[in-house]
Amino acid sequence: MTTQPSGPVGASPAAYAPLQETSPTFVGMPKFPKAARAELANAQQRKNLRHATHTIRTKRGNVVREIDDWEALRVAGADLKDEALTHLGDYLEQLESSLTANGAVVHWARDAQEANRIVLDIVQSKHVDEVVKVKSMVTQEIELNEALEAAGINAWETDLAELIVQLGHDRPSHILVPAIHRNRSEIREIFLREMGQVGRPAPADLTDDPPRLAEAARLHLREKFLRAKVGISGANFAIADTGTLVVVESEGNGRMCLTLPETLISVVGIEKVLPTWEDLGPMLQLLPRSSTGERMNPYTTMWSGVHEGDGPQEVHVVLLDNGRSHVLGDRLGRQALRCIRCSACLNVCPVYERTGGHAYGSVYPGPIGAVLNPQLRGTASDIDKSLPYASSLCGACFDACPVRINIPELLVELRGTVVKNAGNTPESAAMKAAAWVLSDPKRLAVAQRAATTAGRLTGGKPLRSIPGLGAWTNARDVPSPPKESFRQWWARERGKGDGR
Amino acid sequence: MSAREEILQRVRGAVADVTTPVGQRPVAPARTMHDLSDAGALELFAERVADYRATVIRVATADVPATVADALARLGCRSVVVPSGLDPAWTAGLDAAVTVLPEVEATSHAQLDAVDAVVTAAKVGIAVTGTIILDHGPDQGRRELTLVPDTHVCVIGADQVVPDVPDAVARLRPEVGAAQPLTWISGPSATSDIELNRVEGVHGPRNLVVVIAE
């Protein structure tokens with residue numbers, strides 16, 4: 001863990017160190033414009049992404065239109081998340097006590113390393129060498145699979161897309177459909193090549209027909225589900241007053257991992273808390289419609305601790321901070337913690353649609369990633385400095401967000417932070433010089449005379465490059481200065497003297 | 001300082017600017033479809049469940065046994081597991097050749113994996129979303145029963161169907177208060193991960209048959 005975080009964003013009253021540390025996977029990633037250029041050159045990926053984002057966007061639009069008071073629902077969603085976040089200490093304590101009363105064991109983790117340590121200790125105490133996993137953003141954030149594998153424990157991803165990513169030694173590119181950058185023929189090759197290395201091989205006559213590919217995944221994973229002793233998940237919601245955890249999914253792999261193993265470990269970001277059971281009413285209308293464009297996702301599992309004779313008889317919950325309390329300290333920035341990871345903002349974003357998820361250098365791509373990462377990790381690294389600029393500020397993400405996170409507002413604020421932290425750059429020096437010149441008419445006149453002299457020297461030809469402003473001028477021509485300024489013309493034609 | 005104390009201290013410090021007391025937020029108006037009549041809700045429920053490519057059959061309560069037997073026969077199911085509290089009449093119509101495995105005798109995952117189907121009741125149905133909700137009471141069985149076999153036949157009474165999600169949440173408060181696990185099911189298991197093509201039956205049941213008893 002290397003990158004040192006910078007100071008807190010915005011007008012935080014104090015530094016709530018430590019921030020989330022940049023994971024080794026993303027250290028040294030090029031900043032967004034550079035990564036994006038490479039991704040843009042991948043025509044196949046751009047085609048896949050365009051198809052995916054437009055399809056999900058249309059589906060979402062259709063099911064959102066079915067609800068006549070969608071805007072009121074969004075407000076309700078934002079309000080209840082704000083209630084939870086602004087009184088997070090109280091609700092976390094309530095969650096802990098109701099979970100404990102239901103027979104779960106609650107752990108607290110300040111950062112990724114601590115969370116991984118807790119999970120690893122539990123897994124090792126069960127003397128197993130493998131675990132089955134439900135797709136979870138938070139365990140990707142803390143790189144739990146890598147931590148388990150370093151200790152000799154295989155962590156099997158069981159969501160079909162995550163399986164494709166894992167077997168392909170790849171990284172996810174979308175929150176909802178992580179393998180969307182892969183074609184069916186690529187998936188077939190990955191299955192044929194890799195499945196046999198880690199378990200039941202793919203059938204030799206496997207075709208690239210999606211039902212056949214899904215069937216291969218079913219057979220490959222079923223033997224793992226049936227023998228697994230430990231399951232690991234995240235949670236979409238954690239309800240304070242009842243001590244209930246909620247996981248929303250489609251394939252049934254979630255249900256397998258949450259109910260078949262003897263021990264279940266759930267890593268839950270502290271921002272996942274909902275105050276009351278009734279809050280699920282709005283959230284379970286907002287999330288599926290915004291995410292997959294369905295009225296409801298196929299499966300939702302809700303469990304409140306240990307249930308005798310049904311499901312895991314040992315249940316652990318790891319409550320994770322990892323930079324979240326730092327984000328909470330920023331009055332404007334804390335709204336990003338309302339995020340329910342639906343990915344609606346990705347599917348409407350013109351920048352994401354063309355560059356894909358890898359260019360963002362994080363498990364949280366797209367517009368929400370562009371605000372969450374610099375807040376969670378600080379703006380010290382090149383990638384985090386560049387993320388607030390990875391947007392056209394068109395505002396589509398704000399309109400699509402089911403919990404009304406004003407992403408464009410946060411991006412502008414973060415750009416300010418990046419500029420402030422940057423100190424002296426050629427650009428800031430140029431701006432300071434311009435301010436000095438423009439604040440005094442005499443200085444301006446001197447500058448204009450210098451410029452018109454230059455204009456006469458360049459003969460009115462456009463300038464191809466200006467030293468120090470390469471990033472600007474490599475894509476733009478700068479017009480040559482005029483041979484005469486307006487003031488000089490006025491003095492010559494109408495005035496007396498030399499136009500001073 | 002323990003991680004717990006440190007995190008709680010940090011989150012309290014982070015919201016030191018907040019002056020509203022806990023629990024005093026504006027309460028969102030409950031969204032219920034009051035204009036949806038019972039008959040309308042049932043109609044919509046049947047339509048929306050079918051929209052997920054589940055099979056929906058509406059029958060008189062007296063015809064449930066024959067309907068269950070017929071649905072299992074049509075899907076070629078030769079063995080079926082039943083929860084301990086299931087109405088025995090519902091499986092009384094099964095062909096003598098179908099093996100019926102009581103829940104208490106299905107003690108291992110491997111046994112369940114070898115069974116073709118499961119027949120259960122339900123707790124609540126949601127019209128707007130086409131969702132059935134199991135609270136895993138005695139007539140629904142423990143969670144793995146409705147997960148591992150490939151076919152799930154679920155019988156739900158017309159009076160169990162509510163209009164919308166908040167109605168279901170309100171109705172389930174006692175079960176959640178008693179720490180019952182819940183499973184919400186909307187159609188058979190499905191994935192769209194391969195080029196966004198919807199494929200049914202990845203890990204959960206491939207076939208979902210919902211019998212509405214009126």
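What you see is a predicted model, and the numbers here were worked out from it, not measured in a lab. (Residues numbered from 1 in each chain as written. Chains lettered and ligands numbered in written order. Predicted model: local features only at pLDDT ≥ 70, side-chain atom pairs only at ≥ 80, totals over all residues. Heavy atoms only, no water.)

Looking at the nonpolar core
In this structure, A:Phe191, A:Leu280, A:Ile368 and B:Trp184 are the most contacted members of the largest nonpolar core, which totals 142 residues. When residues of this core are assigned to domains, at least three map to each of domain 1 (24-51 + 330-422) and domain 2 (52-325) of chain A. (Core = buried A, V, L, I, M, F, W, Y, C linked by side-chain atoms within 4.5 Å. Buried < 20%, exposed > 50% of the residue type's maximum accessible area, 1.4 Å probe, protein only. Domains from an automatic or database assignment.)

Let's talk about the environment of A:His181
Residues and elements named next belong to chain A. Structurally, the position occupied by His181 is in the loop between helix 8 (160-167) and helix 9 (184-198). Using a relative accessible area of 10% as the deciding quantity, one classes His181 as buried. Placed 145 residues apart in sequence, His181 and Ala36 show a C-alpha to C-alpha distance of 15 Å. With near-sequence residues (within four places) excluded, His181 lies in contact with Gln45, Asn48, Asp170, Arg171, Ser173, Glu186 and His358. A distance of 2.7 Å separates the side chain of His181 from the side chain of Asp170, its partner in a polar contact. Here the side chain of His181 touches Pro178 through a polar contact of 3.4 Å, landing on its backbone oxygen. (Helix = DSSP H or I, 4+ residues; strand = E, 2+ residues; numbered from the N terminus. Contact = heavy atoms within 4.5 Å. Polar contact = N/O pair within 3.5 Å; in protein donor to acceptor, adjacent residues only side chain to side chain.)

Notes on the domain arrangement of chain A
Size of an interface: often given as the accessible area lost when the parts come together. Residues and elements named next belong to chain A. Partitioning chain A into domains gives domain 1 (24-51 + 330-422), domain 2 (52-325) and domain 3 (433-494). Each of domain 1 and domain 2 has a C-alpha centre, and the two are 22 Å apart. If you look at the interface, domain 1 gives 37 residues, while domain 2 gives 43 residues. Approximately 3,700 Å² of surface area, both sides summed, lies buried where domain 1 meets domain 2, with 54% of it carried by carbon and sulfur atoms. For the pair domain 1 and domain 2, the interface holds three salt bridges. (Buried area = accessible area lost by both parts, 1.4 Å probe. Salt bridge = Lys/Arg side-chain N within 4 Å of Asp/Glu carboxyl O.)

Side note on unusual backbone geometry
Excluding glycine, most residues fall at negative phi; most peptide bonds, likewise, are trans. The phi torsion at A:Glu143 lies on the positive side, around 55°, for a residue other than glycine. Within the secondary structure layout, A:Glu143 lies in the loop between helix 6 (137-141) and helix 7 (144-150). Residues other than glycine seldom take positive phi values, yet B:Ala179 does so here, at roughly 60°. With respect to the helices and strands, the residue B:Ala179 is situated in the loop between helix 6 (173-177) and strand 9 (182-185).

Structural notes on the UniProt feature "domain: LUD" (unreviewed entry) in chain B
This chain's UniProt record puts "domain: LUD" (unreviewed entry) on residues 102-212 of chain B. End C-alpha atoms of residues 102-212 of chain B are separated by 23 Å, and the span's content is 15% helix alongside 32% strand. (UniProt positions renumbered as here; feature names shortened; annotations may be inferred.)

Examining the sheet that holds strand 3 (residues 99-102) of chain B
Residue and element names in this part refer to chain B. Spatial strand order, 1-12-7-4-2-3: six strands in an open sheet with parallel pairing. For this open sheet the edge positions go to strand 1 (55-59) and strand 3, each flanked by a neighbour on one side alone. Neighbour-to-neighbour, the strand axes of this sheet turn through a mean angle of 20°, independent of strand direction. Bridge count for strand 1 against strand 12 (residues 207-213) is five bridges, and the pairing is parallel. In the strand pairing of strand 12, Arg58 is matched with Ile212. Contacts between helix 2 (residues 38-51) and the sheet are confined to strand 1, strand 7 (151-157) and strand 12, with strand 1 contributing the most and set at about 150° to the helix. Relative to the sheet, helix 3 (residues 64-74) contacts strand 1, strand 2 (79-82), strand 4 (117-120), strand 7 and strand 12, its axis offset from that of strand 7 by approximately 160°. (Pairing = 2+ DSSP bridges. Axes fitted to C-alpha atoms, helices over the stretch in contact; angles between N-to-C directions.)

Considering the sheet that holds strand 1 (residues 105-109) of chain A
The strands that make up a sheet are held in pairs by hydrogen bonds between backbone atoms, and each pair lies either parallel or antiparallel. Residues and elements named next belong to chain A. In space, the six strands of this open sheet follow the order 1-10-7-4-2-3, with parallel pairing throughout. Because the sheet does not close on itself, it has two edges, and the strands there are strand 1 and strand 3 (154-157). Here the strands of the sheet are splayed against their neighbours by 25° on average, with no regard to which way each runs. In this structure, strand 2 (residues 130-133) lies alongside strand 3, joined through four bridges in parallel fashion.

Section: the interface of chain B and chain A
Opposite the 74 residues of chain B that make contact, chain A presents 98 residues. Here chain B packs against chain A, burying approximately 7,300 Å² in sum over the two surfaces, 56% of which is carbon and sulfur. For the interface between chain B and chain A, the tally reads 18 salt bridges. There are 41 residue pairs in polar contact (both at pLDDT 80 or more) connecting chain B and chain A. In terms of residue class, the side of chain B that touches chain A is built from 33 nonpolar, 21 polar and 20 charged. Pairing of strand 9 (residues 299-303) of chain A with strand 9 of chain B involves four bridges; the strand directions are antiparallel. (Nonpolar A, V, L, I, M, F, W, Y, C, P; charged D, E, K, R; others polar.)

Considering the pairing of strand 12 of chain B
Residue and element names in this part refer to chain B. Within strand 12, six of the seven residues are buried, which leaves the element mostly enclosed by the surrounding structure. For strand 7 and strand 12, the ladder comprises seven bridges, and the chain directions are parallel. By the bridge assignment, Thr151 is partnered in strand 12 with Asn207.

Focus: helix 19 (residues 407-422) of chain A
Residue and element names in this part refer to chain A. Compared with the 22 Å implied by 1.5 Å per residue over 16 residues, the 22 Å span of helix 19 between its first and last C-alpha is a close match. Those residues of helix 19 that are buried are in contact with helix 14 (344-348), helix 16 (366-377), helix 17 (382-386) and helix 18 (396-400). Where helix 19 begins, the capping side chain belongs to Asn406, and its oxygen is found 3.1 Å from the backbone nitrogen of Glu409. Once helix 19 finishes, Gly423 follows within two positions and takes phi at roughly 70°, a positive value. (Expected span 1.5 Å × (residues − 1).)

Re helix 1 (residues 3-14) of chain B
Taking 1.5 Å of rise per residue, the twelve residues of helix 1 of chain B would be expected to cover 16 Å, and the 16 Å separating its terminal C-alpha atoms lies within 8% of that figure. Turning to helix 1 of chain B, its buried residues number three or more, namely B:Ala3, B:Glu6, B:Ile7, B:Leu8, B:Arg10, B:Val11 and B:Ala14. On its buried face, helix 1 of chain B sits against helix 4 (88-101), strand 1, helix 5 (112-125), strand 10 (314-320) and helix 13 (324-328) of chain A.

Some points on the pattern of salt bridges
Tallying each qualifying case throughout the model produces 51 salt bridges over all chains. Where A:Arg295 meets A:Glu66, a salt bridge forms, and the shortest distance between an N and an O atom there is 2.9 Å. Note that A:Arg295 is positioned in the loop between helix 12 (280-291) and strand 9 and A:Glu66 in the loop between helix 2 (43-65) and helix 3 (70-86), a separation of 229 residues in sequence. We classify A:Arg295 as buried; its relative accessible area is 14%. A salt bridge links B:Glu6 to B:Arg10, with the nearest nitrogen and oxygen atoms 3.1 Å apart. Of this pair, B:Glu6 and B:Arg10 both sit in helix 1, four residues apart, roughly one helical turn. Using a relative accessible area of 6% as the deciding quantity, one classes B:Arg10 as buried. Put simply, A:Glu66, A:Arg289, A:Arg295, B:Arg48 and B:Asp51 are held in one network by salt bridges that share partners.

What to know about the pairing of strand 6 (residues 131-134) of chain B
Residues and elements named next belong to chain B. Burial along strand 6 is two-sided: Thr131 and Ile133 facing one way and Ile132 and Leu134 facing the other are all buried. Alignment of strand 5 (residues 124-126) against strand 6, held across three bridges, turns out to be antiparallel. Bridge pairing links Ile126 to Thr131 in strand 6. Counting the residues that bridge the hairpin from strand 5 to strand 6 gives four residues, and of these Gly130 lies at a positive phi of roughly 65°. Of the strand pairs in this sheet, strand 6 and strand 9 are connected by three bridges, and their pairing is antiparallel. Each residue of the ladder has a partner; that of Ile133, found in strand 9, is Trp184.

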